[in-house]
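The lines below spell out each chain.
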Amino acid sequence: MLGVALAAVAAACAGPYGRMNEIVSASVPGDSFRTVVVIAGDDDQSALQITAKVRQQLNDAGFSALRRSGLWSVEREALADICPLGQPTDVDGLLFVYWNELDLYDCRSHKPAYQVRGGMQGTDLMVKRLLRYLRLRG
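Computed from a predicted model, the values in this text were never measured in an experiment. (Residues numbered from 1 in each chain as written. Predicted model: local features only at pLDDT ≥ 70, side-chain atom pairs only at ≥ 80, totals over all residues. Heavy atoms only, no water.)

So, the packing of aromatic side chains
Rule in force here: Put simply, two rings from Phe, Tyr or Trp (the six-membered ring, in Trp's case) pair if the centres are within 6.5 Å, and we call them stacked under 30 degrees between planes, edge-to-face over 60, tilted for the rest. Labels follow the DSSP assignment, with helices taken as runs of H or I lasting at least four residues and strands as runs of E lasting at least two, numbered in each case from the N terminus. Exposure is judged per residue with a 1.4 Å probe applied to protein chains only, and the accessible area is read against the type maximum: over 50% gives exposed, under 20% gives buried, and values in between give partly exposed.
Under the defined criterion, the tally for this structure stands at three aromatic pairs. Ring centres of F33 and Y133 lie 6.5 Å apart, and the angle between their planes is 50 degrees; this geometry places the pair in the tilted category. Here Y133 lies in helix 4 (residues 123-136) and F33 lies in the loop between strand 1 (21-24) and strand 2 (35-40), a separation of 100 residues in the sequence. The same class applies to F33 and to Y133, which are both buried.

A short note on the nonpolar core
Put simply, the test is: In these notes, a set of buried Ala, Val, Leu, Ile, Met, Phe, Trp, Tyr and Cys residues joined through side-chain atoms within 4.5 Å is what counts as a nonpolar core. We call two residues in contact whenever any of their non-hydrogen atoms come within 4.5 Å of each other.
Core analysis: the largest hydrophobic core is formed by 22 residues, its most contacted members being L58, L95, L104, L130, Y133 and L134. Elements with a minimum of two residues in this core: strand 2, helix 2 (45-60), strand 4 (93-98), strand 5 (101-106), strand 6 (112-117) and helix 4. Of all the elements, helix 4 adds the most residues to this core, at six residues. Residues contacting L58, with those up to four places away along its chain left out, are V38, F63, A65, L95, L130, L131 and L134. In this structure, V37, A78, I82 and Y105 belong to the second largest nonpolar core, which totals twelve residues.

Side note on the environment of V116
Take V116: it is sitting in strand 6. Residues V116 and N21, spaced 95 residues apart in sequence, show a C-alpha to C-alpha distance of 5.6 Å. Those residues within four positions of V116 in sequence are excluded, and the remaining contacts are M20, N21, E22, N100, E101, L102, M126 and R129.

Details of the pattern of salt bridges
Applicable threshold: Within this document, salt bridges are pairs made up of a side-chain nitrogen of Lys or Arg and a carboxyl oxygen of Asp or Glu, the two lying within 4 Å of each other.
Under the definition given, this model contains seven salt bridges. With its nearest N and O atoms 3.1 Å apart, the salt bridge here joins E22 to R132. You can see E22 sitting in strand 1 and its partner R132 sitting in helix 4, a full 110 residues away along the chain. Taking relative accessible area as the criterion, E22 reaches 29% and is therefore assigned partly exposed. D81 is paired through a salt bridge with R68; the nearest N and O atoms lie 3.4 Å apart. Of this pair, D81 sits in helix 3 (residues 75-82) while R68 is found in the loop between strand 3 (64-66) and helix 3, placing the two residues 13 residues apart along the sequence. The exposure class assigned to R68 is partly exposed, which follows from its relative accessible area of 34%. Via salt bridges that share partners, E22, R129 and R132 belong to a single interconnected network.

Following this line, the structure appears as structure tokens:
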């Protein structure tokens, strides 16, 4: 019985919270992003702190990561407000920051460009993966 319980615990640790998963768009190259608005996916204080840290990391890496205040009920509303389709904009992308996930959308097409889910591995590692996508795709 103990062996079964230990196997279940080991399987849970190797589950979605233990892996890093990336989804990369085949149609949106990473090198097309220079100016990105970075907003929190949640409105609690810790999400706002994590978002500020991600914004700073992107700025430190040479990207223009901007802050945008506002309250939206879903990502699509924020995307439509910050990146209106068919209108000129100086913003290339919109990055939603969650404690365990980063979602980058292309402002020109509103298509998802990149997503990384980091589980418990931390925001720093997710940002490193995002930076690799932004620099190496093309």
